[in-house]
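Letter by letter, the chains look like this.
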Amino acid sequence: MFGINHGLIVTALVFAAAALARWRTTTTRVPAFLGGSRPFALLLGDSLTGRGFQPEHHGWVASLSDRYSRKLDLVNRGYGGWNSRWVLRALPHLLPRWGPDAAQCRWVTLWLGANDAVDEWAKQHVPLVEFRANLRAIISQLRAAFPEAKLLLLTPPPCDTDAWAAHRLRQGKSSER
């Protein structure tokens, strides 16, 4: 997570939380602990999503969890190192068969692109044209699975290349990108 401007991430997530707060997050259905389904939000992405509960990574998912406590459950499906190609291939297996509970999905976040944008020699690299097509296909599948949910697309944060190069050197790796 070195080289990422955390101030911009926090600002973006505060804005996103404010936007999400305006969307309906309550239900008149029986609570889950009494046998009914519960409203939820699906968070799909790479390690920026997967590590969102970790305080040392500025815990944006933890912040959302605190904000929506007792209003909806957060389902975190963030996978470190994954790119849009891998998520697209795995999506039919990642999305459980929600059945009637799909209507309880209030919103979905999709945060991909950081791994797709790595250098061309890296195994995670995805060319921009394919990345666009993958995002469209992923969005289409998410809309089909959760037709009532709002979809929030998050873009990769900017990278401080000098801090990243220094981090790589401290690890004994090449600082070249």
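Residues numbered from 1 in each chain as written. Predicted model: local features only at pLDDT ≥ 70, side-chain atom pairs only at ≥ 80, totals over all residues. Heavy atoms only, no water.

The next thing to look at is the nonpolar core. Core analysis: the biggest nonpolar cluster contains 21 residues, and Leu-42, Leu-44, Val-108, Leu-110, Ile-138, Leu-142 and Phe-146 have the highest contact counts within it. Elements represented by at least two residues in this core include exactly strand 1 (40-45), helix 4 (84-94), strand 3 (105-111) and helix 5 (128-145). Beyond its immediate stretch of four places on either side in the chain, Leu-42 contacts Val-75, Arg-77, Leu-95, Cys-105, Trp-107, Val-108, Thr-109, Leu-142 and Phe-146. The next biggest cluster of nonpolar side chains, apart from the first, holds 13 residues, and it includes Ala-41, Leu-43, Leu-64 and Leu-154. (Core = buried A, V, L, I, M, F, W, Y, C linked by side-chain atoms within 4.5 Å. Buried < 20%, exposed > 50% of the residue type's maximum accessible area, 1.4 Å probe, protein only. Helix = DSSP H or I, 4+ residues; strand = E, 2+ residues; numbered from the N terminus. Contact = heavy atoms within 4.5 Å.)

This part covers the pairing of strand 1. The buried fraction of strand 1 is high, at six of six residues. Residue alternation in strand 1 divides its side chains into two sets, Phe-40, Leu-42 and Leu-44 and Ala-41, Leu-43 and Gly-45, and both sets are buried. Pairing between strand 1 and strand 2 (residues 73-78): six bridges, direction parallel. Across the sheet, Leu-44 pairs through a bridge with Arg-77, a residue of strand 2. Direction of pairing for strand 1 relative to strand 3: parallel, over a ladder of six bridges. Counterpart to Gly-45 in the pairing with strand 3 is Trp-111. (Pairing = 2+ DSSP bridges.)

Moving on: the sheet that holds strand 3. Adjacent strands of a sheet pair through backbone hydrogen bonds, lying either parallel or antiparallel. Sheet architecture is open: four strands sit in the order 2-1-3-4, paired in parallel fashion. Two strands close off the open sheet at either side, each with one partner strand: strand 2 and strand 4 (150-154). Going across the sheet, the axis of each strand differs from the next one's by a mean of 15°, ignoring polarity. (Axes fitted to C-alpha atoms, helices over the stretch in contact; angles between N-to-C directions.)

The next point concerns the packing of aromatic side chains. Tallying each qualifying case throughout the model produces four aromatic pairs. Positioned above the aromatic ring of Tyr-68, the side-chain terminus of Arg-67 is 5.1 Å from the ring centre. (Phe/Tyr/Trp six-rings, centres within 6.5 Å; stacked < 30°, edge-to-face > 60°. Lys NZ or Arg CZ within 6 Å of the ring centre and 35° of its normal.)

With that out of the way, let us pick up the pairing of strand 4. Across five bridges, strand 3 lies against strand 4 in parallel orientation. Bridged to Thr-109 within strand 4 is Leu-152. Read from strand 3 through helix 5 to strand 4, the crossover connection turns out right-handed. (Right-handed = clockwise from strand over helix to strand, strands pointing away.)

Under the definition given, this model contains two salt bridges. Among the salt bridges present, the one from Arg-38 reaches Asp-73, with a minimum N-O distance of 2.9 Å. Of this pair, Arg-38 sits in the loop between helix 1 (6-22) and strand 1 while Asp-73 sits in strand 2, and the two are 35 residues apart along the sequence. Since its relative accessible area comes to 26%, Arg-38 is described here as partly exposed. Among the ionic pairs, Glu-130 bridges to Arg-85, the shortest N-O distance being 2.6 Å. (Salt bridge = Lys/Arg side-chain N within 4 Å of Asp/Glu carboxyl O.)

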